[in-house]
Amino acid sequence: MAYETRDAKNISQTLGKTPRLQASRAKISQALLRWYDANARTLPWRVGPHQSKAGYKPDPYAVWLSEIMLQQTTVASVAPRFLKFLERWPDIAAMAAAPLDDVLGEWAGLGYYARARNLHKCAGVVAEQHGGVFPCTEDILKTLPGVGDYTGAAIAAIAFGRPAVVVDGNIERVVARLFAIDEPLPGAKALIKQRAGAIWPQRRSGDFAQGLMDLGAGVCKPKAPSCPACPLVEHCAASRLGRAQDFPNKPAKKPKPSRKGAVFALVDAKGEVLFERRPEKGLLGGMLGLPGNPWTDKSNKAMAHAPAATKWRRIGEVTHVFTHFHLTLDVYIGISPKGFRRTREQQWVVPKQARLPTVMKKALDLALKERGE
Ligand code: SF4
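Parameters and conventions
- Residues numbered from 1 in each chain as written.
- Predicted model: local features only at pLDDT ≥ 70, side-chain atom pairs only at ≥ 80, totals over all residues.
- Heavy atoms only, no water.
- 1 Å grid on protein atoms, 1.4 Å probe; cavity = no way out; pocket = protein on both sides within 12 Å on 5 of 7 lines; lining within 4 Å.
- Points joined across faces, edges and corners; volume = space filled by probe spheres on them.
- Helix = DSSP H or I, 4+ residues; strand = E, 2+ residues; numbered from the N terminus.
- Nonpolar A, V, L, I, M, F, W, Y, C, P; charged D, E, K, R; others polar.
- Domains from an automatic or database assignment.
- Buried < 20%, exposed > 50% of the residue type's maximum accessible area, 1.4 Å probe, protein only.
- Contact = heavy atoms within 4.5 Å.
- Salt bridge = Lys/Arg side-chain N within 4 Å of Asp/Glu carboxyl O.
- Axes fitted to C-alpha atoms, helices over the stretch in contact; angles between N-to-C directions.
- Parallel < 35°, antiparallel > 145°, perpendicular 65-115°, else oblique.
- Buried area = accessible area lost by both parts, 1.4 Å probe.
- Near = heavy atom within 4 Å.
- Sits in = over half its atoms within 2 Å of the grid points.

(A) Summary view of the layout of surface pockets. Its boundaries defined by the atoms lining it, the largest pocket holds a volume of some 1400 Å³. What lines the largest pocket is a set of 39 residues, among which Leu70, Gln72, Asp168, Gly169 and Asn170 lie closest to the centre. Among the secondary structure elements, those contributing two or more residues to the lining of the largest pocket are α4 (60-70), α10 (149-160), α11 (169-178), α12 (189-199) and α13 (205-218). Broken down by element, the residue count for the lining of the largest pocket peaks at five residues, all from α10. Across the lining of the largest pocket, the residue classes break down as 17 nonpolar, 10 polar and 12 charged. Its boundaries defined by the atoms lining it, the second largest pocket holds a volume of some 490 Å³. Together, 22 residues line the second largest pocket, and Gly111, Tyr112, Leu283, Phe322 and Thr323 are the ones closest to its centre. Breaking the lining of the second largest pocket down by element, the ones donating at least two residues are α8 (114-129), β4 (313-321) and α15 (358-370). Considering only residue class, the lining of the second largest pocket consists of 11 nonpolar, 10 polar and one charged. Two domains share the lining of the second largest pocket, each providing at least three of its residues, namely domain 1 (6-246) and domain 2 (258-370).

Dropping the structure here:
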């Protein structure tokens, strides 16, 4: 099955094969880098083109930290949280020495909590096995906890200028359009990476990656690409075909299933609330949460999982959307009975000081509202 349009095939077959079209490949990278020099976003983890020309070098620790935080999370959400992390743990040694619970607490609300556990583990590995210095090659970077194909390439290119081919969601869209790749995702990923490799420059690899990211974020947007303003328009097959929005070919998403559960806000005489550390493995692993029942697609007996024998009152429900399902949680509130003893996983916390995942924060807020706090 032919997945690239003929127009695109002409470009990709010829790119890099003849001197004339090596020149074309050079033109794409030059056009993009020129645009990046004038339009780069200012981001707290980035050494921009002007700083770079003035001799500033990226800090691999900051590049790594930002790339882990940006997985599945938007630039706008990450920016302030990145600065807080950097203030609290300014280098790899500080992060490696931090208690895991502190890192998990600081991560609260960012989601995908395995990233925080891997962040802490990775800091330990770099500190102990690499002398506190990040390795600079993609292959070695990918052996670090939480560093996969994408992140390894991104750190190698952005922090060390290695010609590693970086393909995030923005770059995937730009490249799929440049070559009008019809093959549906996720099957098209290998072809997209190959085509990206065909236009990737040897020099200024990190700037090229960041330029494509910025182009995807601001010009080659998912719904309304601004082709007339694009520095790559004369090289773009999708634009030439008048079909920019058809690429990449993403199959319609299946509707997410629903799950239900219940959580219990047990309040003591001091107004503290009982929380429970969730098991390391699984959703919201290692984070604090209100005690509750397992989340399933069938209703199960919520009261069998109440943390104490007291008079529980249902005060409402909260909803949350995870990657693979919609969750509805019934929220109950109750007063801690005399003689209640918490388990080892449980702790009393002043509600305002609790660092919680978003869904648990929603449930706690409902409980506090009920108490007039
Ligand atoms: Fe995207 Fe249009 Fe630029 Fe092609 S010309 S890369 S579709 S913005």
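After that view of the structure, there is still more to cover.
(B) How the structure looks around the environment of Ala238. Residue position: Ala238 is located in helix α14 (residues 237-241). Owing to a relative accessible area of 0%, Ala238 belongs among the buried residues under this scheme. Through-space distance from the C-alpha of Ala238 to that of Val174 is 9.7 Å; in sequence the pair is 64 residues apart. Excluding residues that lie within four positions of it along the chain, Ala238 makes contacts with Arg177, Leu178, Ala180, Arg243, Ala244 and Phe247.

(C) Here's a closer look at the pattern of salt bridges. Under the defined criterion, the tally for this structure stands at 19 salt bridges. Among the salt bridges present, the one from Arg41 reaches Asp214, with a minimum N-O distance of 2.8 Å. Taken together, the positions of Arg41 in the loop between α2 (19-39) and α3 (49-53) and Asp214 in helix α13 put the pair 173 residues apart, joining distant regions of the chain. Here Arg41 falls in the partly exposed class, since its relative accessible area comes to 27%. When its relative accessible area of 3% is taken as the criterion, Asp214 is described as buried. Residue Arg314 pairs with Asp330 through a salt bridge whose shortest N-O separation is 2.9 Å. Here Arg314 is found in strand β4, whereas its partner Asp330 is found in strand β5 (residues 326-335), with 16 residues between them in sequence. Arg314 sits in the partly exposed class, given a relative accessible area of 43%. Sharing partners across several salt bridges, the network here consists of Lys84, Arg88, Asp102, Glu106 and Arg355.

(D) Highlighting the packing of α11 against α12. One way to put it is that α11 packs onto α12 with a least axis distance of 9 Å and a crossing angle of 80°. For the element pair α11 / α12, the angle class is roughly perpendicular. Taken together, the residues of α12 that come into contact with α11 (itself represented by Glu172, Val175, Ala176 and Leu178) are Lys189, Ile192, Arg195, Ala196 and Ile199. Considered class by class, the residues forming the contact of α11 with α12 number six nonpolar, no polar and three charged.

(E) Here's a closer look at empty space enclosed by the protein. On inspection of all chains with the given rule, the structure shows one cavity of 30 Å³ or more. Counted as a void, the largest cavity has a volume near 110 Å³. Forming the boundary of the largest cavity are 15 residues, of which Arg177, Cys220, Cys227, Cys230 and Cys236 lie nearest the centre. Top contributing element to the lining of the largest cavity by residue count: α11, with three residues. Each residue belonging to the lining of the largest cavity can be placed in one class, and the counts come to 12 nonpolar, two polar and one charged.

(F) Structural context of the domain arrangement of the protein chain. Structurally, the protein chain comprises domain 1 (6-246) and domain 2 (258-370). Relative to domain 2, the C-alpha centre of domain 1 lies at a distance of 38 Å. In this complex, domain 1 contributes 11 residues to the contact, which on the side of domain 2 involves 11 residues. Where domain 1 abuts domain 2, roughly 900 Å² becomes buried across the two surfaces, and 48% of that area is made up of carbon and sulfur atoms. On the domain 1 side of the contact with domain 2, Leu104, Tyr113 and Arg117 bury the most area, a combined 48% of that side's loss.

(G) The site of the ligand, seen in detail. Looking at the ligand, the residues that line it are Arg177, Cys220, Cys227, Cys230, Val233, Cys236, Ser239 and Ala244. When atoms are counted within 2 Å of each cavity's grid points, the one that captures over half of the ligand is the largest cavity. When grouped by side-chain class, the residues that make up the shell around the ligand number six nonpolar, one polar and one charged.

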